[in-house]
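These are the residues of each chain, in order.
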Amino acid sequence: MGTNNSWITKYENCLYSDRLITKLISLNEKTKNKINILEIKKAIYYAKKYHGTQKRDSGEPYYSHPLEVAYMVSDYLFRTDIIITSILHDTIEDTSLTFEMIQSEFGSLVASQVADLSRIKVAGSKISSAEMVKSLWLQKKYDLLLVKLFDRLHNIQ
């Protein structure tokens, strides 16, 4: 994973990140498979940086959505890569953060998972969420399917 730690001095807590980090620290105390909190904070930094001033229809900052998805996912899948993927799941589709940048900072596994959750597929066209769910199911990518389902659930809440 990327060795550039310049993000650390720019990282800022917020209500959404505090909620997620507090939960992950609490879960870390109860399990053998620890989450890398520093890598999670780096993903939060990137989500906030690249979603920038985007807003949800509710008026909340857009980055609140992937942090809430990660919060929900952490109850079922407690792995650093999946939590980071949850946090970055909309970046390739909706921001200037690229596959290559994610790969450089978070590794090939996370970059591939985020790409698999991107609805932009062939020649810049988008597939529907239903098509994505079907595709993830057929490919037996159940971890990513769970991320996608929590993404949809949070969007309809």
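This write-up is about the structure you can find in this document.

So, how was this worked out
Here, residues in each chain are numbered from 1, in the same order as that chain's written sequence. This being a predicted model, a pLDDT of at least 70 is required before a residue's local features are given, and a value of 80 or more before pairs of side-chain atoms are given or counted; all residues contribute to the totals for chains, interfaces and linings. Excluding hydrogens and water, the side-chain values take into account all heavy atoms of the structure. Segments assigned H or I by DSSP are reported as helices when at least four residues long, segments assigned E as strands when at least two residues long, and all are numbered from the N terminus. Here, nonpolar core means buried Ala, Val, Leu, Ile, Met, Phe, Trp, Tyr and Cys residues that are tied together by side-chain atoms lying within 4.5 Å of each other. Relative accessibility thresholds used throughout: buried, under 20% of the residue-type maximum; exposed, over 50%; partly exposed, between the two (1.4 Å probe, protein chains only). When checking whether two residues touch, look at their non-hydrogen atoms; a contact exists if any pair is within 4.5 Å. Pairs were defined over the aromatic rings of Phe, Tyr and Trp, the Trp ring being its six-membered one, requiring ring centres within 6.5 Å. Orientation was assigned from the angle between planes: stacked under 30 degrees, edge-to-face over 60, tilted for the rest.

What follows deals with unusual backbone geometry. In this structure, K140 takes a positive phi of about 60° despite not being glycine. Residue position: K140 is located in the loop between α8 (129–138) and α9 (142–156).

Quick look at the nonpolar core now. Core analysis: the largest hydrophobic core is formed by 42 residues, its most contacted members being I40, I87 and L88. Among the secondary structure elements, those contributing two or more residues to this core are α1 (15–28), α2 (37–51), α3 (64–73), α4 (80–88), α6 (99–106), α7 (108–116), α8 and α9. Here I87 is in contact with L20, I40, A43, I44, A47, P66, L67 and A70, once residues within four sequence places are set aside.

The next subject is the packing of aromatic side chains. Counted by the stated rule, this structure contains 8 aromatic pairs. Ring centres of Y16 and Y63 lie 6.1 Å apart, and the angle between their planes is 80°; on these two criteria the pair is classed as edge-to-face. Here the residue Y16 occupies a position in helix α1, and Y63 occupies one in the loop between α2 and α3, the gap between them amounting to 47 residues. Classification of Y16 by relative accessible area gives buried; the value is 15%. Measuring from ring centre to ring centre gives 6.1 Å for Y46 and Y50, while their planes differ by 5°; the resulting arrangement is stacked. Remark: Y50 and Y46 occur in helix α2; sequence separation between them is 4 residues, near one turn of the helix. Taking relative accessible area as the criterion, Y46 reaches 11% and is therefore assigned buried. Here the aromatic cluster, defined as three or more aromatic residues joined through ring pairs, consists of W7, Y11, Y45, Y46, Y50 and F106.

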